[in-house]
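Residue-level structure breakdown
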Amino acid sequence: MKAMTKQQRDDMLLSAPVEKVIPRLAVPSIISMLITSIYNLADTFFVSQLGTSASGAVGVIFSAMSLIQAFSFTIGMGSGINVSKALGAGNKKEAERFVSVAFFTALIFGTVLAIGATLCIDPLVRFLGATETIAPYAKDYAGYIFYAAPFMMAGFVMNNLLRFQGLTMYGMVGITTGGILNMILDPLFIFGLNMGTAGAALATAISQFISFVILLAMCLSRPAAISISLRNFRPSGKMYGRILYNGLPSLGRQGIAGISAIVLNNVAGAWGDAAIAAISIVTRFSLFLNSSVIGFGQGFQPVCGFCFGAGKYARVRRAFAFGVKVMTIILLILAAVSFPFSGWIITQFRRDDMEVIRIGTLALRLQLLSLPLWGYITMANMFTQSIGYGIRATIISSARQGIFLIPMLLILPALFGLLGLQLAQPISDVLTFILSLAIVSGILRELKAMPDKETNA
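Rules of the game
Residues numbered from 1 in each chain as written. Predicted model: local features only at pLDDT ≥ 70, side-chain atom pairs only at ≥ 80, totals over all residues. Heavy atoms only, no water. Disulfide = S-S within 2.5 Å. Buried < 20%, exposed > 50% of the residue type's maximum accessible area, 1.4 Å probe, protein only. Helix = DSSP H or I, 4+ residues; strand = E, 2+ residues; numbered from the N terminus. Lys, Arg positive; Asp, Glu negative; His and termini not counted. Salt bridge = Lys/Arg side-chain N within 4 Å of Asp/Glu carboxyl O. Polar contact = N/O pair within 3.5 Å; in protein donor to acceptor, adjacent residues only side chain to side chain. Contact = heavy atoms within 4.5 Å. Patch = residues over 30% accessible without salt bridge, like charges linked within 9 Å, V, L, I, M, F, W, Y side chains within 5 Å. Areas by Shrake-Rupley, 256 points an atom, 1.4 Å probe, with all protein chains shown as cover.

1. Here we look at the state of the cysteines
In total, this model carries zero disulfides according to the counting rule given. Between Cys307, a cysteine without a disulfide, and Cys304, which holds the nearest cysteine sulfur, the sulfur-to-sulfur distance is 7.8 Å. Classification of Cys307 as buried rests on a relative accessible area of 0%.

Here's what the structure looks like:
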């Protein structure tokens, strides 16, 4: 794994054709995202073999994991954007400080979160949407997940920091190693050691810790990476303000996703454990399909942030247009291929429960109809966030699973019953696409009117 020099990296990000640079940076992220999604699917698949209530428990705790990721990505992406822009402007000292502040903040915050969640585990799983029959499985699953929270958060942060430095390959090594280990440990702990849902959670916790160790080693040992140092952990209110401003879209996207998942679980509970399990399976499978385009978008982000910091506005617009085109084509193909097999896909998870299959099949088909819109929505979110348009990025990131989804979940099931529950997410996707199109069109016009700056790179 030969590292690029700073000059080579600058030349690549600022001058090489975006049609070559973005895929090159995206491949490691795509692999990481796919592996992460596959082991999330593996968790769902193996736990689902234990029964419908156990399958529902995965969906319930997934909302808590979404909140953990929300805080992680707020810190990681909020800092990473500042690192990318600082490097683009030639200010390495500032970049070094942001890296260390982000890492140690994640460790501290994760520890506090783990202690608080563990002490309140019983009321917490009820709040997350667990029914009387799901709650025992959810508590077993949640215990080990919360123990691993500090390492999960720090790992997510380091992966983002490496990515915004243009070092996506290093992050891929840590994420994929942990993901593959998770898939190996899942059946061993769940069935071999007869640990049930607790086994799936322990497998995830161990895998996240291994990923953390590998990512930390990458940050400390690779010359191209900005090293983490305790002496650079000098946070200030102004620095946290900049991290929060740029990280708010991630908090909006991931945090609202966690909150909407809680609302979804509680609403779905009216139709029993089968509805919670079915929606959980559909959500995981949809995220799996979207993982490749998210990875592609993550290859776009360092180019976007670096070039914006260097004043290469025309290049930013060209990179955005390229990303939207590629993402939309990929999602159209995935949706078209998956649609005829929707029933078969749900059956693989819960073949013994016809109610889960019935609810999940229609929900998945409706979701696949709006899936191609995710390409523009994802790129709009990453684009606005990477150039530091925090407020507009937060609006976009909060829309799909917050501004639109939560009201849809409260209104549509009351009007149309179970069909309303299944329609809530697709309708939210359409509304978010319209909003994103309006916001980004305005920003692109602004950038078109801004002349490029002269750079030495």
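2. Things to note about the side chain of Asp273
Relative to the helices and strands, Asp273 resides in helix H11 (residues 273–309). Of the side chains with opposite charge, Arg126 lies nearest to the buried Asp273, which makes no salt bridge, at 9.4 Å. Within polar-contact distance, the side chain of Asp273 engages the side chain of Ser53 at 2.7 Å. Within the local environment of Asp273, its side chain forms a polar contact with the side chain of Thr133, the two groups lying 2.5 Å apart. Excluding its chain neighbours within four sequence positions, the residues that come into contact with Asp273 are Thr52, Ser53, Thr131, Thr133 and Ile134.

3. Focus: a nonpolar patch on the surface
Taken together, the side chains of Leu362, Leu410, Ile411, Leu415, Phe416 and Leu419 define a hydrophobic patch exposed on the protein surface, amounting to about 590 Å² of accessible area. The greatest single-element share of the nonpolar patch, amounting to four residues, is contributed by helix H17 (residues 405–416). Its place among the elements puts Leu362 in helix H14 (residues 354–370).

Read these as geometric descriptors, not functional statements.
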